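# Understanding the architecture of this molecule
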Amino acid sequence: MLKVAGLNVRYGKSHVVFDLDLTVESGQMLALLGRNGAGKTTSLMGILGLLPGAQGRVAIDGADVSRWPAHRRAQSGLAYVPSGARCFPNLTVAENLEIAARRRAGSNGSSSTSSRGTSWTKERVYELFPKLGELQANMAGGLSGGERQMLAVGRALMSNPKVILMDEPTEGLAPVIVQSIGRLVLELKQTGVGILLAEQNHQMALKVADRAAFMEKGRIVDEMPAARAINSEVLHRILGV
Amino acid sequence: MGGLSNAAYLFIVAVGLSLVFGALRVINMAHGSLYMIAAFVTVVVANRLGLALGFWVGLLAAVIVTGAVGVLIEIVVLRRVYREEHLIQLLGTYAVTLIVAGAVRIIFGSNYRTMSPPQLFSGSLSLAGYRYSVYSLFMIGAAIMIAVGVNLMLYRTALGRNIRAAVSDSELLSASGVNVARLFTTVFAIGAGLAALGGVIVAPSQAVGTSMDSDVLVLAFAISVIGGLGSIIGSAVGAVLVGEIYSFGLVNPYTNQFALAFVFIIMTAVLTIRPWGLFGRAEQ
Ligand SMILES: Nc1ncnc2c1ncn2[C@@H]1O[C@H](COP(=O)(O)OP(=O)(O)OP(=O)(O)O)[C@@H](O)[C@H]1O
Ligand SMILES: [Mg+2]
């Protein structure tokens with residue numbers, strides 16, 4: 001579904017991500033774990049086509065999108081939940097959602113035709129996050145951190161994506177909201193959406209992920225099933241737990 | 001009244017400059033050049049076709065020609081400088097002003113040209129004991145319509161929503177599936193169209209000459225800075241202020257050499273108190 005091969009990212013002369021290989025299958029979640037500065041955000045942004053200094057192969061459903069600009073990658077099924085609950089602060093909640101609205105790009109194999117795979121609309125996002133419904137006419141800039149995080153997730157859903165790239169979506173959130181995002185992620189997986197989650201908080205990540213990849217100094221140093229990662233030596237070494 | 005009709009065309013030009021800066025973060029020095037192209041096209045077409053239709057055909061021709069030149073400038077020059085620092089952007093668009101100025105002299109010559117207002121808006125009208133030229137009332141009405149139109153576009157259409165989103169985070173916008181390069185070209189074309197409308201509307205009210213590009217740019221820039229770059233209300237208030245002050249300075253024989261100085265005194269005063277302008281927002 002999402003396949004990245006030999007991705008290298010540079011900021012000017014400084015080489016930050018080295019030969020990144022990863023695959024996210026339909027309905028599966030890969031957790032990308034690493035400390036501050038390991039290169040998680042840079043990897044996600046490189047995959048999304050947001051960084052001019054990225055080179056390497058990115059394929060969505062077998063189609064090579066490496067030369068496509070970011071908006072075409074988004075249109076063909078990649079969605080982004082940026083870190084820090086980034087939204088358009090000067091737009092209303094409703095406008096933030098509408099801006100990403102898109103019917104599911106092309107056919108999505110058998111997985112998308114599952115009974116729950118109906119498409120996302122503003123109304124469905126408000127059902128999922130009732131708070132956003134109440135605030136729909138408010139400017140996003142005035143929302144609390146948790147509300148903006150819900151909005152960032154809702155915006156990603158509105159594009160009816162094949163794969164969602166999430167960057168620390170639980171950072172600074174109350175445990176209840178973390179749990180509800182965890183539940184949402186499990187539901188999304190059942191509808192066939194693939195998820196790439198960049199996290200430092202391995203607790204939540206490893207509970208819902210299928211596989212885990214460990215990143216250190218811009219390289220993936222190990223990859224394994226999430227169940228095995230929980231007690232692994234590499235988890236202790238890299239995240240210091 | 002002279003002040004308000006000056007405010008009218010200055011507003012139309014300034015709101016285009018401000019819109020382009022708000023979304024693209026580029027100060028377009030060539031904005032005055034687009035305005036000048038439109039004024040010349042209007043005069044030439046109008047004088048050839050006569051009073052009844054000339055102005056309206058001129059308007060259409062000017063908007064099309066200027067819009068096309070604007071799109072060309074965006075694709076050839078601006079796309080290369082978006083990621084550069086402001087100085088490079090200023091130099092790039094300044095180079096365009098020199099090229100356009102040369103081209104206008106070659107194509108239209110350096111003589112002043114004049115035209116009459118269209119038949120529909122000729123003559124004058126008395127209101128409450130004063131006489132007003134119908135054309136200056138038309139200028140004011142046109143500016144109000146354009147202000148309303150730009151507002152509706154920005155706050156009631158998907159295009160406007162995308163423009164506002166680009167103002168705050170163009171990276172997130174492209175990750176949301178919007179073609180930001182095409183959006184920028186569209187915004188620049190709208191800005192060029194507004195410069196053109198300013199040039200068309202001013203043509204029957206002033207002599208059209210080869211220095212009008214820099215004349216208007218200085219005033220439009222002052223208006224945008226006073227009102228706050230990127231703000232439409234700011235452009236309107238700034239235009240009325242600058243239009244009135246400038247006209248007041250010009251009509252008084254003791255001060256007419258200093259009219260522009262008055263404008264800059266006000267601009268300096270506003271900037272001292274609110275560096276981001278009356279209606280602008282402080283950056284970061
Ligand atoms: N715009 C930039 N220009 C230059 N270097 C950058 C830039 N952004 C990030 N870096 C560097 O790239 C490296 C990886 O940063 P990145 O933000 O990808 O890490 P991360 O794993 O997401 O960290 P965190 O957990 O703190 O979010 C760091 O050394 C950082 O300093
Ligand atoms: Mg990060």
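Scoring rules and cut-offs
Residues numbered from 1 in each chain as written. Chains lettered and ligands numbered in written order. Predicted model: local features only at pLDDT ≥ 70, side-chain atom pairs only at ≥ 80, totals over all residues. Heavy atoms only, no water. Near = heavy atom within 4 Å. Polar contact = N/O pair within 3.5 Å; in protein donor to acceptor, adjacent residues only side chain to side chain. Areas by Shrake-Rupley, 256 points an atom, 1.4 Å probe, with all protein chains shown as cover. Helix = DSSP H or I, 4+ residues; strand = E, 2+ residues; numbered from the N terminus. Nonpolar A, V, L, I, M, F, W, Y, C, P; charged D, E, K, R; others polar. Contact = heavy atoms within 4.5 Å. Buried area = accessible area lost by both parts, 1.4 Å probe. Salt bridge = Lys/Arg side-chain N within 4 Å of Asp/Glu carboxyl O. Buried < 20%, exposed > 50% of the residue type's maximum accessible area, 1.4 Å probe, protein only. Pairing = 2+ DSSP bridges. Axes fitted to C-alpha atoms, helices over the stretch in contact; angles between N-to-C directions. Phe/Tyr/Trp six-rings, centres within 6.5 Å; stacked < 30°, edge-to-face > 60°. pLDDT = per-residue confidence, 0-100. Expected span 1.5 Å × (residues − 1).

### Here's the deal with the site of ligand 1
Residue and element names in this part refer to chain A. In the vicinity of ligand 1, the contacting residues are Tyr-11, Val-16, Arg-35, Asn-36, Gly-37, Ala-38, Gly-39, Lys-40, Thr-41, Thr-42, Glu-168 and Gln-200. Within the side chain of Asn-36, an N or O atom sits 2.7 Å from an oxygen atom of ligand 1. The backbone of Gly-37 places a nitrogen or oxygen atom 2.8 Å from an oxygen atom of ligand 1. The protein chains hide 56% of the 630 Å² of surface that ligand 1 would expose on its own. Considering each element in turn, the shell around ligand 1 owes the most residues, three residues, to helix 1 (residues 40–48). Across the shell around ligand 1, the residue classes break down as three nonpolar, six polar and three charged.

### So, the interface of chain B and chain A
Reports of interface size often rely on the accessible area that becomes lost once the parts have come together. Contacts between the two partners involve 18 residues from chain B, matched on the other side by 21 residues from chain A. Summing both partners gives a buried area of about 1700 Å² for chain B against chain A, and 56% of it is carried by carbon and sulfur. Considering only the surface of chain B that becomes buried against chain A, Arg-161, Glu-171 and Leu-172 of chain B emerge as the three largest contributors, covering 32% of it. Taken together, chain B and chain A are joined by four salt bridges. Residue Arg-86 of chain A is joined to Glu-171 of chain B by a salt bridge in which the shortest nitrogen-to-oxygen separation is 2.8 Å. Our count for the chain B to chain A interface comes out at nine residue pairs in polar contact (both at pLDDT 80 or more). Tallied by class, the residues present in the side of chain B that touches chain A amount to six nonpolar, six polar and six charged.

### Details of the pattern of salt bridges
Taken as a whole, this structure holds 13 salt bridges over all chains when the rule is applied. Across the salt bridge formed by Arg-237 of chain A and Glu-233 of chain A, the nearest N and O atoms sit 4.0 Å from each other. Placement of the pair is Arg-237 of chain A and Glu-233 of chain A together in helix 10 (residues 233–239), with a separation of four residues, close to one helical turn. In this structure Arg-237 of chain A comes out as partly exposed when scored by relative accessible area, which is 43%. For Glu-233 of chain A, a relative accessible area of 56% gives the class exposed. Taken together, the salt bridges that share partners define one network made up of Arg-86 of chain A together with Asp-169 and Glu-171 of chain B.

### Focus: the sheet that holds strand 9 (residues 211–216) of chain A
All names here are of chain A. With respect to topology, six strands assemble into an open sheet ordered 6-7-8-3-9-10, the strand pairing being mixed. At either end of the open sheet lies a strand with only one pairing partner, and these are strand 6 (78–81) and strand 10 (219–225). Mean inter-strand twist for the sheet, computed between neighbouring axes without regard to direction, equals 20°. Of the strands in this sheet, strand 3 (29–33), strand 6, strand 7 (163–167), strand 8 (194–199) and strand 9 touch helix 1, which is tilted by about 150° from strand 7. Each of strand 3, strand 7 and strand 8 is contacted by helix 7 (residues 175–190), which is oriented at about 150° to strand 8, the strand it contacts most.

### Thoughts on the packing of aromatic side chains
Residue and element names in this part refer to chain B. Using the criterion set out here, one finds 10 aromatic pairs over all chains in the structure. A ring pair is formed by Phe-121 and Phe-138, whose centres lie 4.2 Å apart and whose planes are at 20°; its orientation type is stacked. With a gap of 17 residues between them, Phe-121 in the loop between helix 4 (86–108) and strand 1 (124–127) and Phe-138 in helix 5 (residues 134–156) connect regions that are remote in the sequence. Overall, the relative accessible area of 16% leaves Phe-138 in the buried class. Aromatic side chains Tyr-135 and Phe-138 sit 5.4 Å apart centroid to centroid with 45° between the ring planes, which places their arrangement in the tilted category. In this pair, Tyr-135 and Phe-138 both sit in helix 5, three residues apart, roughly one turn of the helix. For Tyr-135, a relative accessible area of 3% translates into the label buried. Taken together, the ring pairs connect Phe-55, Trp-56, Phe-121, Tyr-135 and Phe-138 into an aromatic cluster.

### Details of the confidence of the model for chain B
All names here are of chain B. Model confidence for chain B is summarised by a mean pLDDT of 91, while 99% of its residues fall at 70 or above. Mean pLDDT values over the elements of chain B span from 83, in strand 1, up to 96, in helix 7 (residues 180–202). Complex prediction metrics read pTM 0.90 and ipTM 0.92.

### Quick notes on helix 6 (residues 145–158) of chain A
All names here are of chain A. Under the 1.5 Å per step criterion, the end-to-end length of helix 6 is 20 Å for 14 residues, consistent within 8% with the ideal 20 Å. Of all 14 residues making up helix 6, 12 are buried, and the element is well covered by its neighbours. Every buried residue of helix 6 is accounted for by Gly-146, Glu-147, Gln-149, Met-150, Leu-151, Ala-152, Val-153, Gly-154, Arg-155, Ala-156, Leu-157 and Met-158. With its phi angle positive at about 45°, Asn-160 sits one or two positions after the end of helix 6.

### Details of the pairing of strand 4 (residues 54–60) of chain A
All names here are of chain A. With six bridges joining them, strand 1 (residues 2–11) and strand 4 adopt antiparallel strand pairing. Pairing of Lys-3 across the sheet is with Ala-59, part of strand 4. Relative to strand 5 (residues 63–64), strand 4 runs antiparallel, the two being bridged by two bridges. From the neighbouring strand, Ile-60 faces strand 5, where its bridge partner is Ala-63. Counted between consecutive antiparallel strands, the loop separating strand 4 from strand 5 contains two residues, among which Asp-61 sits at a positive phi close to 50°.

### Observations concerning the sheet that holds strand 5 of chain A
Within a sheet, each strand pairs with its neighbour through backbone hydrogen bonds, oriented either parallel or antiparallel. Residue and element names in this part refer to chain A. On the basis of which strands lie adjacent, the open sheet formed by four strands has the order 2-1-4-5 and antiparallel pairing. Every other strand in the sheet has two partners, leaving strand 2 (14–24) and strand 5 as the edge strands with one partner each. Strands in contact with helix 1 are strand 1, strand 2 and strand 4; relative to strand 1, the strand with the most contacts, it is inclined by about 115°.

### Re the environment of Gly-58 of chain B
Residue and element names in this part refer to chain B. Topologically, Gly-58 is positioned in helix 3 (residues 54–81). Between the alpha carbons of Gly-58 and Gly-109 there is a distance of 18 Å; along the sequence they are 51 residues apart. In this structure Gly-58 touches Val-41, Thr-42 and Val-45, once residues within four positions along its chain are discounted.

### Things to note about the environment of Val-167 of chain B
With respect to the helices and strands, Val-167 of chain B occurs in helix 6 (residues 158–175). Val-167 of chain B sits 147 residues away from Val-20 of chain B along the chain, and the two C-alpha atoms are 9.9 Å apart. Residue contacts for Val-167 of chain B: discarding those within four places in its chain leaves Asn-90 of chain A together with Gly-22, Ala-23 and Arg-25 of chain B.

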